[in-house]
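Okay, here's what each chain looks like letter by letter:
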Amino acid sequence: MAELTVESGPLRGQTLSFNQDDTFLVGSGEDCTLRLEGPGIADQHLVIKALKNGGFGIKMLKGPFTLNGKESEAARLRDGDLIELADTRLRFGPKKLATKEKDLGSLGGYRMSGVLGRGGHGTVYRAEQMSLHRNVALKVLPKETTQNAEFVGRFVAEARAAARLSHPNVVQVFDVGHDGDTYFLSMEIMENGSLEDRLKREGKLPWQECLQLMVDAAQGLAYAESMRIVHRDIKPDNLMVDSHGTVKIADLGLAMSDDEEQGKIVGTPHFMSPEQATGKPLDHRSDLYSLGCTFFRLVTGRPLFQRSKTKEILRAHVNDEPESADQVNSEVPSSVAACIGRLVEKDPDDRYQSADDLIANLDQLLHPPARRGPLIAALAVLLLGAGFVIYYLATKEPTIITKTNGDPAKTATLERQLREQRAETERGRILRNEENLEPLQLADRFDEFAAKSKYKATPAAISATAKAKDLRREEAARIAAAKARASAVKVARANIERTVRGLINQGKFQAALGAMKPDNVSDEVLNDPGMVEAVATLRNELKTAAKASLDQLTKAIDDALSSQKPDAMELAIAGVEAILDKNSGWPAEALTDRAGLIAFLRTKKQEVKSLRSTLASSRESSAKANFYRLSTSDEGVMAAVRNFDLARASKLASDLHGELDGFEIQPSAAHLLGVVQAAASYWTDFQAAVAAGTLHVTLEIDNDFLDVVVKGFDPKTGLQIDHSDQASVPLDRLRTNGLHQVFKATKADKQHGENRLAFLALHALAEHMAAAKVYLSNLDPTKPETGTGEKRYAETMLDLNYVVRATRKIDASWKKFLSHEVQASNALARGLRAFSMLQYTRAHGYLEDLRDRYQDSLVIQITR
């Protein structure tokens, strides 16, 4: 068996195994054992396979590769060989067989071969992902934790989020799943365990090595900071070491997936920040404190605070000052101890404000500037000697040895020459000190020199006087130029600051960047230290404002999601997308994690799509509930029909139809409106026939069937007729005999027959719905006798039976709707009647039919 480990590229960290029978293809094609994508990768780039005399060989197929840094076409592979193709580096080696490990069985496509560790949150196994021949660490959750559905849901969601994180200093999560009720998480295997494991084996670690370990961990935290993730449990146990010695942070994104709930203290006491120990809000600086506690433990071999009880440890983090690391371990330099001390400051504002700041400090500690002291001392010794010689030669009085033979002229000449020579020597002494004096100080020295009587009028004195005048003139010009430049800088600075800040406030960041270097300002002014400092401040303000603007947009996305406003959410998403456009001119400093922002938008687009679907479903449900309520309530359509107020029923149905425009329930509302309008048309014709005295009906009066003329109709008093023994017939009696006997067709056409049936059907529905409401409201579940005997359901079925038969013969557009409602009412009425007569089997059949076939009817709503 052999292994191929991917050391760089998108699949970094994957290890694939193969044996003597395998032909291992590497390339971008679907048939490749290891699929790599990207520029320079051929579909079948190279092949690795067994050699006849043992071992494995590599051969180029369609793409070049290097073996251990040299171009190659074919070669025998040896343990540790490095293979590079395009941007991907692979390491070859024999498979590390765990000969002493047992086969612990399989779980969800993984074969477990040994235990890497156990803890309160589960057991971690060494395992092989069988589909990819990849070695992984498989974390299996305890059964007792997976009984909590909320915990499982949060664990799976956060594991999937963690799988999207990718950084060289973060342990990669590959997969999350379950096998039955056993939940697991697979991740990159860290061959060298954790820093805690190493501490237990070796005790404190060399401080020099710890600096690089902390750089790795800080780079992982910098990535977490960019993703807005607070780990909450940084400690040696969660800093893992891979086979190359690189430190990676474990469980990034999973820190809250445990028995603790949000709002409770989460973490390990020895490594908690003061704000974490007191339950205050946390940010990335809390993780930096925990890293400081870890750093301290690595270089000293002991925790920051040695206390026996958890409460005492937490109290110490909040109140006590820790010892300096160099006091505990004298080998630790004071500069390293100072770095640790800044990490574990009580106030987050006193710590490093970002992981990048910490990395910069660690880099200085790892690569200090060259020591200049000894070199300067050596140069000083050399210069001191040389300076002495120069000084001596420059100050030594000249001695003129010559003979004058007592000639006064010659003597005077020699004295003049000696005086001039001494003056020149003194002037030279002043000039040699020129660099140590300010121009005006030097001018004063020259004037003092020229004023001395022993040097007066000498060429050196005359030259010194002229030099002093030049110095004063040049200094005056310099001061004037400096004042002019200072004034120009002041004016330009004020203009630039005003313009740039105005553009920043308007969100015009690209224009603000351009305004920091206007064309009408000279390079001299722009390069002035004060101007450079002002522009640096403006750049920071620009970066802060741009980041705040971006944060405001991302917050607006989340706020819109929380308040269920998809339009606002999409508007904010569009704003972020505009920022991501490379032509937008957005400051690069404010886009530190473009990839993370793109992933964030991808997630939010899915969420807004889901929100729209949820809101649409909610609106549909609300519309349906509104239809049923306005149709069946005591003030609704059916109640108006029952009161013979067809004009009001028609208006209510029309309004309801308009309100439900565009909803799925609208067709039902349209059919209801059609039935009500048809019934209202009949009612108008009926009243006209009564008024004209042309409506003749046959009624049973005193057991005789008599033909009478209808004189009038009142919903309260009933029917007025012309019979000599009886002037009116009560409405209840008419209902008992059947309203369809009274409300005859007033016209012979087919359309009018359908209108009459609509009128009768609606009344039958309204009567039975009203009767069913009363009956059901009087039932008492604790008293089986209620609703029986004299209290039984007594509503007449004559009109209902009539319309059940009659609806089969019409072909109006609302026939199906009306037939459905009539059949539902028939099932309900027969069920309630059978129930009230103790015929429970029949009642159960009718009511089951109602529930199964008429779920969406108006009638069934009164049973809910």
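Residues numbered from 1 in each chain as written. Predicted model: local features only at pLDDT ≥ 70, side-chain atom pairs only at ≥ 80, totals over all residues. Heavy atoms only, no water.

Caption draft 1: Seen up close, the overall build of the protein. When you go through the protein residue by residue, the secondary structure sums to 26 helices and 23 strands. Going through the 864 residues of the protein one by one, you find that 43% of them count as buried. By element, 51% of the accessible surface of the protein is carried by carbon and sulfur atoms, the whole surface being about 46,600 Å². (Helix = DSSP H or I, 4+ residues; strand = E, 2+ residues; numbered from the N terminus. Buried < 20%, exposed > 50% of the residue type's maximum accessible area, 1.4 Å probe, protein only. Areas by Shrake-Rupley, 256 points an atom, 1.4 Å probe, with all protein chains shown as cover.)

Caption draft 2: Summary view of the packing of aromatic side chains. If you walk through the whole model with that rule in mind, you get 13 aromatic pairs. Where Phe644 meets Phe759, the ring centres are 6.2 Å apart and the plane angle is 40°; that geometry is what we call tilted. Of this pair, Phe644 sits in the loop between helix H19 (637-642) and helix H20 (646-659) while Phe759 sits in helix H23 (residues 750-777), and the two are 115 residues apart along the sequence. Residue classification places Phe644 among the buried residues on the basis of a relative accessible area of 5%. With 6.1 Å between their ring centres and 35° between their planes, Tyr682 and Phe686 make a pair best called tilted. Of this pair, Tyr682 and Phe686 both sit in helix H21 (residues 666-692), 4 residues apart, which is roughly one turn of that helix. Overall, Phe686 belongs to the buried group, its relative accessible area being 1%. Each residue in the set Phe644, Tyr682, Trp683, Phe686 and Phe759 is aromatic and connected to the rest through ring pairs, giving one cluster. (Phe/Tyr/Trp six-rings, centres within 6.5 Å; stacked < 30°, edge-to-face > 60°.)

Caption draft 3: Quick peek at the pairing of strand S17 (residues 182-187). Burial runs high along S17: 6 of the 6 residues are buried. Of the two faces of S17, the one lined by Thr182, Phe184 and Ser186 and the one lined by Tyr183, Leu185 and Met187 are each fully buried. Both strand S15 (residues 134-140) and S17 contribute to a ladder of 4 bridges, which runs antiparallel. Bridged to Leu138 within S17 is Ser186. (Pairing = 2+ DSSP bridges.)

Caption draft 4: Up close: helix H5 (residues 284-300). Between the first and last C-alpha of H5 there are 25 Å, a value that for 17 residues agrees with the 24 Å anticipated at 1.5 Å per step. Within H5, 16 of the 17 residues are buried, which leaves it mostly tucked inside the rest of the structure. Phi turns positive, to about 80°, at Gly301, one or two residues after H5. (Expected span 1.5 Å × (residues − 1).)

Caption draft 5: Structural detail: the packing of H23 against helix H25 (residues 815-836). Where H23 meets H25, the axes come as close as 10 Å, and the angle between the chain directions of the two elements is 35°. At the point where H23 passes H25, the crossing takes the left-handed sense. Residues Ala758, Ala761, Leu765, His768, Ala772, Tyr775 and Leu776 of H23 touch H25, and the partners they reach there are Leu818, Glu821, Val822, Ser825, Leu828, Ala829, Leu832, Phe835 and Ser836. The residue makeup of the contact of H23 with H25, split by class, is 12 nonpolar, 3 polar and 1 charged. (Axes fitted to C-alpha atoms, helices over the stretch in contact; angles between N-to-C directions. Left-handed = near helix turned anticlockwise from the far one by under 90°. Contact = heavy atoms within 4.5 Å. Nonpolar A, V, L, I, M, F, W, Y, C, P; charged D, E, K, R; others polar.)

Caption draft 6: Molecular detail of the pattern of salt bridges. Throughout the structure, instances matching the rule amount to 40 salt bridges. Across the pair Arg228 and Asp551 runs a salt bridge, and its minimum N-O distance is 3.1 Å. Residue Arg228 is found in the loop between helix H3 (207-226) and strand S18 (239-241), and its partner Asp551 is found in helix H16 (residues 529-562); the two are separated by 323 residues along the sequence. Arg228 sits in the exposed class, given a relative accessible area of 52%. Residue class for Asp551 comes out partly exposed when judged on its relative accessible area of 27%. The shortest N-O distance in the salt bridge between Glu323 and Arg302 comes to 3.1 Å. Here Arg302 lies in the loop between H5 and helix H6 (310-319) and Glu323 lies in the loop between H6 and helix H7 (325-328), a separation of 21 residues in the sequence. (Salt bridge = Lys/Arg side-chain N within 4 Å of Asp/Glu carboxyl O.)

Caption draft 7: Here's a closer look at a negative patch on the surface. There is a patch of like negative charges on the surface, built from Glu321, Glu345, Asp347 and Asp350. As for its placement among the helices and strands, Asp350 is situated in the loop between helix H8 (334-343) and helix H9 (355-366). Looking at Asp350, the relative accessible area reads 43%, which means it is partly exposed. (Patch = residues over 30% accessible without salt bridge, like charges linked within 9 Å, V, L, I, M, F, W, Y side chains within 5 Å. Lys, Arg positive; Asp, Glu negative; His and termini not counted. Charge placed at Lys NZ, Arg CZ, Asp CG, Glu CD.)

Caption draft 8: Structural view of the sheet that holds strand S6 (residues 56-60). Pairing is mixed across the open sheet formed by 5 strands, whose spatial order is S4-S3-S5-S6-S9. Sheet topology places strand S4 (34-35) and strand S9 (74-76) at the edges, where each strand pairs with a single neighbour. Here 4 bridges tie strand S3 (residues 23-27) to strand S5 (residues 46-50), and the two strands are oriented antiparallel to one another. Residue pairing for S5: Leu25 is matched across the bridge by Val47.

Caption draft 9: Focus on unusual backbone geometry. Not every positive phi belongs to a glycine, and Arg232 is a case in point at roughly 80°. Relative accessible area serves as the criterion here: at 23%, Arg232 is assigned to the partly exposed category.

Caption draft 10: Fine view of the nonpolar core. Ranked by internal contacts, the top residues of the largest apolar core, which has 74 residues, are Phe627, Phe743 and Phe759. Membership of the second largest hydrophobic core comes to 44 residues, among which are Ala217, Leu221, Val247 and Phe305. (Core = buried A, V, L, I, M, F, W, Y, C linked by side-chain atoms within 4.5 Å.)

Caption draft 11: Quick peek at the confidence of the model for the protein. Per-residue confidence for the protein averages 83 on the pLDDT scale, and 89% of its residues sit at or above 70. Taken element by element, the protein is modelled with least confidence in helix H10 (residues 373-395), mean pLDDT 37, and with most confidence in H5, mean pLDDT 96. Confidence drops under a pLDDT of 50 for residues 97-101, and excluding neighbours within four residues, the segment shows 3 contacts in the predicted structure. (pLDDT = per-residue confidence, 0-100.)

Caption draft 12: Main features of the pairing of strand S11 (residues 88-94). Looking at chain direction, strand S1 (residues 2-6) and S11 are connected through 5 bridges and run antiparallel. In the strand pairing of S11, Glu3 is matched with Gly93. Bridging between strand S10 (residues 82-85) and S11 involves 4 bridges; their strand directions are antiparallel. Directly across from Glu84, in S11, lies its bridge partner Arg89. What sits between the antiparallel neighbours S10 and S11 is a turn of 2 residues, in which Ala86 has the positive phi angle 55°.

Caption draft 13: Representation of the side chain of Glu275 within the structure. Tracing the chain through its elements places Glu275 in helix H4 (residues 274-277). Once residues within four sequence positions are removed from consideration, Glu275 is found in contact with Lys280, Pro281, Leu282, Arg285, Ser286, Lys346, Pro348 and Arg351.

Caption draft 14: Region of interest: helix H2 (residues 195-202). Burial in H2 covers these residues: Leu195, Glu196, Arg198 and Leu199. An end-on view of H2 places all buried positions within 160° of arc, on one side of the element. Looking at H2, the residues exposed on the side facing more than 90 degrees away from the buried face are Lys200 and Arg201. In this structure, the buried residues of H2 make contact with H3, S18 and H5. Gly203 sits one or two positions beyond H2 and adopts a positive phi of about 80°. (Arc of directions from axis to C-beta.)

Caption draft 15: Layout of the packing of H21 against H23. Two elements in contact, H21 and H23, have axes whose closest approach is 7 Å; the angle formed by their N-to-C orientations is 105°. Between H21 and H23, the angle falls in the class roughly perpendicular. Note on element contacts: H23 touches H21 through His752, Asn755, Arg756, Ala758, Phe759 and Leu762, opposite Val675, Val676, Ala678, Ala679, Ser681, Tyr682, Trp683 and Asp685. Taken together, the residues that form the contact of H21 with H23 break down as 9 nonpolar, 3 polar and 2 charged. (Parallel < 35°, antiparallel > 145°, perpendicular 65-115°, else oblique.)

Caption draft 16: The environment of Leu51, seen in detail. Along the chain, the position of Leu51 falls in the loop between S5 and S6. On the basis of relative accessibility, which here comes to 29%, the residue Leu51 falls in the partly exposed class. The spacing of Leu51 and Arg76 is 25 residues in sequence and 8.3 Å in space, taken between C-alpha atoms. Filtering out sequence-adjacent residues up to four positions away, Leu51 remains in contact with Phe56, Gly57 and Arg76.

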